[in-house]
Amino acid sequence: MTSADLSSILSASKDLTKHLLNSKPPDLPSVNLSLEQIEAQSRRLVSKHNASGDADRANFLLAQASVDGSALSQSIAHLNASTTFSSSTLQPLQDTDVSSFLRHAHEQNLITTIENGRKETQESFYRMLEDRTARDWEEKKKRLFEQLGASVPVSANLATSTMGMSTSVMKKQTSASAPLSLQMHTKMLAYDRTVVALNSARLGGTSYPIVHALIDAANENSQIAFMFTVLAKITQEPPSLPPVEHASAHILNSPVYERKYAKAYLSSPIPQLALRKQIATGARQALEEQYFLIIQRTVHSHPSEAQLGGDPSTANLIRAFCAVRFYRQGEWLSGLELIRGGPVWAQAFFLVRVGEVSEALQVLMRVRDAVDAREPGFIDAFRIWAESAERALPRLIRDQLTGVYNAHMLQAQTTDPFKLALYKLIARLDVTRRSIPNVTTTTEDWLWMQFAMVDESSSDENDDGSLASLTKVLLAYGERHFEPAAGSDGQKSGLWASVLLMCGQFERAVASLWDHDSTGSLQVEAVHLAVALAYHGLLRVSSKAEGSDVNILTLSPPTAGTQHTPSINLHTLIWRYIRQFVKMDAKEGLQYVYILPLSADQPSPPGVGHEQLEAAWELVRRIIVMANGGPMWEELVGGVRGDGTRFPGVIPTHLPLLRLSPSADSFLSNQSLSSSSSHRPTSLGTFDYKSQILLPTASSLLSNDRLPEAIKLYDLAGEYDTVVGCLAQALGNLVASGSTTLSFGSGGGMAWSAGDQQERAKELERTAREILTVYERLGRGTGLSVSGSSSGTNTGGKDRDACVKLLKILEAGERGRDGHVDRALEILESTSLIPLEVNVASGKEGDVDVMKVTRKAEEFTQQHEALQRCLPVYLVMCMDALSGVASRIKSGVGAYGGEAQKHATLAVLRKKSRALMVFAGLLKYRMSSEVYGYLARGDVEVAL
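Residues numbered from 1 in each chain as written. Predicted model: local features only at pLDDT ≥ 70, side-chain atom pairs only at ≥ 80, totals over all residues. Heavy atoms only, no water.

The protein chain carries the name Nuclear pore protein in an unreviewed UniProt entry, which gives Lentinula raphanica as its organism. The Sequence similarities (unreviewed entry) comment attached to the protein chain in UniProt states, word for word, "Belongs to the nucleoporin interacting component (NIC) family." (UniProt positions renumbered as here; feature names shortened; annotations may be inferred.)

Now the structure itself:
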C-alpha cells in the first residue's frame, strides 16, 4: 500500500471525528477512556449491583424441591481446595525410604488390579451378552421351526463311550453306517415297540419291565443304556416278570410297578426319606455294575499282564486288574502300601468299588495280623460297616477312625491313597473334600465316591452328607463339567442326564436330553425316559398355569425351605415327538398319548391330574381330525362292515388307558372289551367316551367340512337324529351350492364341476342313501329318544323327510342330465314341494286354483330350512323340465300319441307352468329377480 493511500485514510478518519463531535447533542459529555479503563469501570458497576432479589427467587424455587440453597452456598464458600493436594500430603520418596516405596508400589498394584479387573469384567460382560444373544436366538429359531412343524436334522455322528471316558482303553465308538433317515426310523421303531408292549400290559392289568425293555432298545448306545440302567437300579425293576400263565404268577400276586413311587415322590416337593435312600443306593449300584464290566474288559484285553488263571472269584479278578494297572517291569508302582507283597488296600477298595463288600472283608481277614499291626481296629470297623444295612458305623467307632485319620493320614507325607479312601468311605470323613488323588481319577469314580458317602440317616436336608446337598453341588457344577465343550472332538454323550438321574432330578434329566444339542439327536430317548418315569410315578408334570408351549421344563417358585421344584410339560413333549409321524401312523401316535393319563393321580398343584386327562383327550381328538379318511381312519374309531355289522376301532379298545368308559347309548356299550376290563381304574373316576371324544371330534370335523367322517362319529355316538340332520344340511348345501348348473335344456341337466368336488358330491349322495336305508330298516333317526318316547318337535322325522326330498331333487337332476326330462318332472312332482298337480287348475284352460296354491305356499314356510334354502334351485329345475317336455312335444320328439293327445298334454303343462308362476309369485321375495325373470321366460316358452 502507498503512502498516499495511508494519508487518505488518516484524513478520512479525522473528518469522521470532527463530524461526530459537531453532530452530538450539547448536553452529552465525551468519553476519553482507553479499553482497559472501560472494562474496569464496567466491573465496578457490576459489583455495586444488588443481586439479593435474584438470590431470593432462586432459593424459593430450590426450597420447593427440598434443597437448602443458602446452606449449600455457605458450604461452597467455606470450601478451600487449595490444600487438597498440598505438599503435606504428597511428599517425594527418598531413595533410602524402602517402606514408603513398597507402600506406594502396593497402592499402585491395587489400582492397576482394580482397573484391569474392571476392564476384564466389562469385556466379559459384553462377550457373554453377545454369546447369550446368539444362543438365545438359535434356541428360539429352533423352537419356532418346531412349532411350524419343520423337521429337525439329526447328526449322523452317534459315537458313544462308556460313561464318558472311564479309561482310555474302554472307549467304544459306533459309526453311523446306515442312511440317516433309515437309522432314525429304525431307532424310533425299536423304542415304539416297548411303548406298545407297555400299553398292552396295562390293558391286561399286569406290570411291565419298561426300563429293561428300553435298555434292550438302546443297546447300540452304551451311554443311553447306562442311563436306563441307573433308572432300573433306582426303581428296583426286575429284568423280566413271570408270565401270568405261571402257577405262582397270578395277577393278584404279581408286583405292581405302575405308579409305585408316585405317593413317595409327588406328595411333597422333597421325596420321602425311603425314596431318597433308594435313589442314592440305586445310583451307587449302577456305577458299581458299570465298573465291574470295565474291569472285566480290561483284564480280558490284557491276559499276559493279568495272569488271571482258573479262579473265577471276584477277588481274583480284582487281583488281576490291579496287576494290569499297577504292576510294571516286575515291581509295583510307588505310592502303594504293600502287605505280604501285594496291594491289599487297593484290592479291598476295588472290591468295594464293584459292590463286593463281603469279599473285600475276606481279603482283609486273610492278612489280618499285618493289617492290625499297622491299622489296629480297622478290620473290626470295616466288618461292622459291611454288615450294616445302612452301611454306617456307631458313633464311637467313627470317632476313633476320625482321630486316626486326622492324626496320622492327613499329616503323613506318603499314604496309600486307597487306604485313605477306605477310611473316608466307611467313616464318611471330610465329606466336603470330594476328590482323592490317584483314586477319583475319572468322572465315574468321583461320582461313585460321592454317592457312596451319602448319608440320609439325618432328616436335615442341609446336612453336608445328604443327597440334597450333593445335588446342589452337582447342579452348581453344571453340564459343562460333565459333557465335552463346544468344538471338542465328538458330540455330547448324554452323561449329564445320567448324573441328574442319580441325583433324583428326573425332570431335569428329561429336559437335558430333549435340549441336548442343536440337532436334537437324543430327543427320542428323552421322550421314552419320560414314559418310563411316568409309569413308575417319578415324573412331576406341569399344570396349565405353570407350563409353557415353548419350554418343556418348568421351575416353580421356591417355597420356604425348598428350592425350585422342576416339572415337565409332558403334553407338549409328547405332541412334539408324535406330530412328525402321526399323519402317517396315527395308531402309533396314540400309543404315546395313552401315557398322559398315568399322571392323573398327581396331587399337586390342585387339578393338574385332570388336566393331564383333558390333554390326552385333546390329543386324541386332534389325531382323529388330522388322520386321513378311508379304511385307516376307520381303524382308529371303528366303522360299519358291508353287511351292516359294526367293528370297534383302536381307540374304543383302549378306552381304559384314557380313563374313559363306553357310552350307555352307543354301540360300544354292547361290545365285549374283556381284554381291557381287568384294568379299569378304581381310584380315579371314568368319563364318558361319547361326550369327551366322539361329539367334540365330530363337531370339529363338521366345521372342517369333513362331513362323512363327522357323520360316522355321530353314528358311533348313537346320535342318529344328528346324523340325519347333518345329512339334510349337507344335501341342502349341495343342491344350493354353485357347483351345479341349474338348467336342463340343451345342457342336459345338473352338470357337476369336474375333479375332487364331483367325487365328494357323489360320495355324499351315496352315503346319504346308504344311511337312510339302514336307519329305515332299524328304525333310527325317527326323532324319538332311545327309550322310544317322542323328543318333542320330532326334528328327526323332519330331517329325514328333507333328506328324502333333497335326494329326489338330486336324482331329478341326474335324469335331466341324461335327457329323461319326463322322468325328472315326475320325480320333482313326487316331492310335493311345488303345486304341480292337475287339480290345482279348474275351469277354463290356464286357470289356476289360487286357494290351493296359496295353501301350498303357506305350507312351504313350515318345510325344513334346507328345503327353503333350495327354493330357487328346484323352481328353476321344474320350469326347465316343463319347458323341456313342451319343447319335445312341439318338435314331435317322443311318443305322445295323436294331435289331440299332444294338445291335452300341452294344456296340462301350461296349467302346471302357470301354477308354478303363481307359487313363485307368492314367494317372490325368497329369490332373486334374475330367478323370477328366468321363470317368467320359461312360462312364456311353455305357453307358446
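Don't stop here, the text continues.
Caption draft 1: Main features of the overall build of the protein chain. Each helix and strand counted, the protein chain has 40 helices and 8 strands in total. Here the protein chain holds 944 residues, and the buried ones make up 44% of them. Restricting to contacts in the protein chain with at least 6 residues of sequence separation, those with at least 24 account for 65%. Surface exposure of the protein chain reaches about 48,600 Å², of which carbon and sulfur atoms provide 54%. (Helix = DSSP H or I, 4+ residues; strand = E, 2+ residues; numbered from the N terminus. Buried < 20%, exposed > 50% of the residue type's maximum accessible area, 1.4 Å probe, protein only. Contact = heavy atoms within 4.5 Å. Areas by Shrake-Rupley, 256 points an atom, 1.4 Å probe, with all protein chains shown as cover.)

Caption draft 2: Quick look at the nonpolar core. Counting 244 residues, the largest nonpolar core has Phe228, Phe350, Phe382, Phe451, Leu529, Ile651 and Leu935 as its most contacted members. Broken down by element, the residue count for this core peaks at 13 residues, all from helix α38 (residues 871–891). When sequence neighbours within four positions are dropped, the list of residues in contact with Phe228 reads Tyr191, Val211, Leu214, Ile215, Ala218, Glu525 and Leu529. (Core = buried A, V, L, I, M, F, W, Y, C linked by side-chain atoms within 4.5 Å.)

Caption draft 3: Just the confidence of the model for the protein chain, in detail. Summarising the model, the protein chain shows a mean pLDDT of 80, and 80% of its residues fall at 70 or more. Of all secondary-structure elements in the protein chain, the lowest mean pLDDT belongs to helix α29 (residues 674–677), at 40, while helix α23 (residues 523–536) reaches the highest, 95. Taken together, the stretch residues 668–683 has pLDDT below 50 and engages in 30 contacts with residues farther than four places along the chain or on a different chain. Below a pLDDT of 50 lies the segment residues 738–742, which in the model reaches 16 contacts outside its immediate sequence neighbourhood of four places, other chains included. (pLDDT = per-residue confidence, 0-100.)

Caption draft 4: Representation of helix α32 (residues 720–736). An ideal rise of 1.5 Å per residue puts 24 Å on 17 residues; α32 measures up with 24 Å between its terminal C-alpha atoms. Taken across its 17 residues, α32 has 12 buried, putting it largely inside the fold. (Expected span 1.5 Å × (residues − 1).)

Caption draft 5: A look at the packing of aromatic side chains. Within this structure, the stated rule accounts for 24 aromatic pairs. Residues Phe125 and Tyr126 carry aromatic rings whose centres are separated by 5.3 Å and whose planes lie at 70 degrees to one another, so their mutual orientation is edge-to-face. An angle of 70 degrees between the planes, with centres 5.0 Å apart, marks the rings of Tyr327 and Trp332 as edge-to-face. Members of the aromatic cluster, each reached through a chain of ring pairs, are Tyr291, Phe321, Phe326, Phe349, Phe350, Phe418 and Trp448. When the ring centre of Trp575 is taken as reference, the NZ or CZ atom of Arg622 above it lies at 4.5 Å. (Phe/Tyr/Trp six-rings, centres within 6.5 Å; stacked < 30°, edge-to-face > 60°. Lys NZ or Arg CZ within 6 Å of the ring centre and 35° of its normal.)

Caption draft 6: Structural context of the pattern of salt bridges. With the rule as written, the count across this model stands at 33 salt bridges. The salt bridge partner of Arg769 is Glu765, with a shortest N-O separation of 3.1 Å. Of this pair, Arg769 and Glu765 are both found in helix α33 (residues 756–778), 4 residues apart, which corresponds to roughly one turn of the helix. The exposure class of Arg769 is partly exposed, given its relative accessible area of 32%. With relative accessibility at 9%, the residue Glu765 sits in the buried group. Ionic pairing is found between Arg817 and Glu814, a salt bridge with its closest N-O pair at 2.2 Å. With a gap of 3 residues between them, Arg817 and Glu814 both fall in helix α34 (residues 795–817), about one helical turn apart. The class for Glu814 is buried, based on a relative accessible area of 11%. Overlapping salt bridges, with partners in common, bring together Glu337, Arg374, Glu375 and Lys419 in one network. (Salt bridge = Lys/Arg side-chain N within 4 Å of Asp/Glu carboxyl O.)

Caption draft 7: View of the pairing of strand β3 (residues 553–556). Because side chains alternate across β3, one face comprises the buried residues Thr554 and Ser556, and the other comprises Leu553 and Leu555, none of which is buried. The pairing of β3 with strand β4 (residues 565–568) spans 4 bridges and is antiparallel. Residue Ser556 lies in a different strand from β4, and its bridge partner there is Thr565. (Pairing = 2+ DSSP bridges.)

Caption draft 8: Seen up close, the packing of helix α10 (residues 273–301) against helix α19 (residues 443–452). α19 packs onto α10 with a crossing angle of 145 degrees between their chain directions and a minimal axis gap of 9 Å. At the point where α10 passes α19, the crossing takes the left-handed sense. Taking contact as the criterion, the partners of Ala280, Ala283, Arg284, Leu287, Glu288, Gln290 and Tyr291 in α10 are, on α19, Glu444, Asp445, Leu447, Trp448, Phe451 and Ala452. Of the residues contributing to the contact of α10 with α19, the split by class is 8 nonpolar, 1 polar and 4 charged. (Axes fitted to C-alpha atoms, helices over the stretch in contact; angles between N-to-C directions. Left-handed = near helix turned anticlockwise from the far one by under 90°. Nonpolar A, V, L, I, M, F, W, Y, C, P; charged D, E, K, R; others polar.)

Caption draft 9: Broad picture of helix α22 (residues 506–514). Of all 9 residues in α22, 9 are buried, a share of seventy percent or more. When we look at burial in α22, the residues that qualify are Phe506, Glu507, Arg508, Ala509, Val510, Ala511, Ser512, Leu513 and Trp514.

Caption draft 10: Representation of the packing of helix α39 (residues 899–922) against helix α40 (residues 929–943). Where α39 contacts α40, the axes come no closer than 9 Å and their chain directions differ by 160 degrees. Taken together, α39 and α40 sit at an angle that is classed as roughly antiparallel. The handedness of the crossing between α39 and α40 is left-handed. When α39 is examined against α40, the residues Leu909, Arg910, Ser913, Arg914, Leu916, Met917, Ala920 and Gly921 are found in contact with a partner set consisting of Tyr932, Leu935, Ala936, Asp939, Val942 and Ala943. Taken together, the residues that form the contact of α39 with α40 break down as 9 nonpolar, 2 polar and 3 charged. (Parallel < 35°, antiparallel > 145°, perpendicular 65-115°, else oblique.)

Caption draft 11: Structural view of the side chain of Arg202. Checked against the element boundaries, Arg202 lands in helix α6 (residues 180–204). No salt bridge forms around the buried Arg202; measuring N to O, its nearest opposite-charge neighbour Glu258 is 4.1 Å away. There is a polar contact of 3.0 Å between the side chain of Arg202 and the backbone oxygen of Tyr594. (Lys, Arg positive; Asp, Glu negative; His and termini not counted. Polar contact = N/O pair within 3.5 Å; in protein donor to acceptor, adjacent residues only side chain to side chain.)

Caption draft 12: How the structure looks around the environment of Leu317. The topology assignment puts Leu317 in helix α12 (residues 314–326). Here the alpha-carbon distance between Leu317 and Ile295, two residues 22 residues apart in the chain, equals 8.0 Å. Among residues more than four places away in sequence, those in contact with Leu317 are Phe292, Ile295, Gln296, Val299 and Leu308.

Caption draft 13: Highlighting unusual backbone geometry. That bond from Ser604 to Pro605 is cis: its omega, -5 degrees, falls within 30 degrees of zero. The topology assignment puts Pro605 in the loop between α25 (586–593) and α26 (608–626). Look at Arg659: it is not a glycine, yet its phi comes out positive at around 60 degrees. Relative to the assigned elements, Arg659 resides in the loop between α28 (650–653) and β7 (660–661).

Caption draft 14: View of a nonpolar patch on the surface. On the surface, a nonpolar cluster with roughly 390 Å² of combined accessible area is contributed by Leu93, Val98, Phe101 and Leu102. Relative to the elements of secondary structure, Leu93 occurs in the loop between α4 (69–77) and α5 (98–147). (Patch = residues over 30% accessible without salt bridge, like charges linked within 9 Å, V, L, I, M, F, W, Y side chains within 5 Å.)

Caption draft 15: Fine view of the side chain of Thr831. You can see Thr831 is positioned in the loop between α35 (821–830) and α36 (850–860). Judged by its relative accessible area of 3%, Thr831 is buried. Within the local environment of Thr831, its side chain forms a polar contact with the backbone oxygen of Leu828, the two atoms lying 2.5 Å apart. Filtering out sequence-adjacent residues up to four positions away, Thr831 remains in contact with Lys805 and Lys808.

Caption draft 16: Molecular detail of the environment of Leu273. On the secondary structure map, Leu273 appears in helix α10. A sequence separation of 184 residues divides Leu273 from Ser457, and the C-alpha atoms of the two residues are 8.6 Å apart.

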